[in-house]
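Understanding the architecture of this molecule
Listed below are the residues making up each chain.
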Amino acid sequence: MSVNNNNTPPSGNANEDTTLRGLQEQVDKWITGIGVRYFSPLTNMAVLTEEVGEVARIMARRYGDQSFKPGENPDALADELADVLWVVAAIANQTGVDLTDAFARNIAKKTARDRPRHEHLAE
């Protein structure tokens, strides 16, 4: 699914006000304007797993019991999290998921399900 049919090349400039829909549009513009094509959904699932593993590696070293190896960047967490967002947006685009709508429904579901569970914690 192409979220935005505007053929303007991506600027590469995300701003602090980027929305989930804007993220999807920017990823789509980059993939269709600079990239070769969308990878298959299964390939993107494998890429997502790889990127989440890179986040896990940094978390295990920064906050867990492991230490960084020579040459590893201890400050790469933000970049790796952005890689995860990128692939999630690509998968959403190619499977027809509007992340803005999906996230709103997800928050509503969690609120209805979990509010009573956590009320005792506020006391």
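Structure first, text after, so check above.
All of the points below concern the structure found in this document. If you're wondering where the values come from, they're calculated on a predicted model, not measured in any experiment. (Residues numbered from 1 in each chain as written. Predicted model: local features only at pLDDT ≥ 70, side-chain atom pairs only at ≥ 80, totals over all residues. Heavy atoms only, no water.)

**What about the overall build of the chain?**
- Assigned secondary structure in the chain consists of four helices and zero strands.
- Going from the N terminus to the C terminus, the chain shows its helices and strands as α-α-α-α.
- Expressed as a percentage of the 123 residues in the chain, the buried residues total 24%.
- Here the contacts in the chain between residues at least 6 apart in sequence split such that 62% fall between residues at least 24 apart. (Helix = DSSP H or I, 4+ residues; strand = E, 2+ residues; numbered from the N terminus. Buried < 20%, exposed > 50% of the residue type's maximum accessible area, 1.4 Å probe, protein only. Contact = heavy atoms within 4.5 Å.)

**Observations regarding the packing of helix α2 (residues 41–62) against helix α3 (residues 77–95)**
- It is at 9 Å that the axes of α2 and α3 come closest, and there the two elements cross at 160 degrees. One way to sum up the angle between α2 and α3 is to call them roughly antiparallel. The way α2 lies across α3 gives a crossing that is left-handed. Within the contact between the two elements, α2 uses Pro-41, Asn-44, Met-45, Val-47, Leu-48, Glu-51, Val-52, Glu-54, Val-55, Ile-58, Met-59 and Arg-62 and α3 uses Leu-77, Glu-80, Leu-81, Asp-83, Val-84, Val-87, Val-88, Ala-90, Ile-91 and Gln-94. (Axes fitted to C-alpha atoms, helices over the stretch in contact; angles between N-to-C directions. Parallel < 35°, antiparallel > 145°, perpendicular 65-115°, else oblique. Left-handed = near helix turned anticlockwise from the far one by under 90°.)

**Considering helix α4 (residues 99–118)**
- Considering bend angle alone, the principal kink of α4 is centred on Ala-112 and spans about 35 degrees; proline Pro-116 follows within four residues of it.
- Structurally, the start of α4 carries an N-cap: the backbone nitrogen of Thr-100 is 2.9 Å from a side-chain oxygen of Asp-98. (Bend = angle between axes of the 7 residues up to and from the residue. Polar contact = N/O pair within 3.5 Å; in protein donor to acceptor, adjacent residues only side chain to side chain.)

**Concerning the layout of surface pockets**
- Roughly 200 Å³ of volume is contained in the second largest pocket.
- Around the second largest pocket, the lining residues are Trp-30, Ile-31, Gly-35, Val-36, Arg-37, Tyr-38, Phe-39, Asn-44, Val-47, Trp-86, Val-87 and Ala-90.
- Mapped onto the lining of the second largest pocket, the elements with two or more residues apiece are α1 (20–33), α2 and α3.
- Looking at the lining of the second largest pocket element by element, the count peaks at three residues for α3.
- Among the residues making up the lining of the second largest pocket, the classes are represented as nine nonpolar, two polar and one charged. (1 Å grid on protein atoms, 1.4 Å probe; cavity = no way out; pocket = protein on both sides within 12 Å on 5 of 7 lines; lining within 4 Å. Points joined across faces, edges and corners; volume = space filled by probe spheres on them. Nonpolar A, V, L, I, M, F, W, Y, C, P; charged D, E, K, R; others polar.)

**With respect to the packing of aromatic side chains**
- Using the criterion set out here, one finds one aromatic pair in the structure.
- Arranged with centres 5.4 Å apart and planes meeting at 80 degrees, the rings of Trp-30 and Trp-86 form a pair that is edge-to-face. In this pair, Trp-30 sits in helix α1 while Trp-86 sits in helix α3, placing the two residues 56 residues apart along the sequence.
- When its relative accessible area of 35% is taken as the criterion, Trp-30 is described as partly exposed. (Phe/Tyr/Trp six-rings, centres within 6.5 Å; stacked < 30°, edge-to-face > 60°.)

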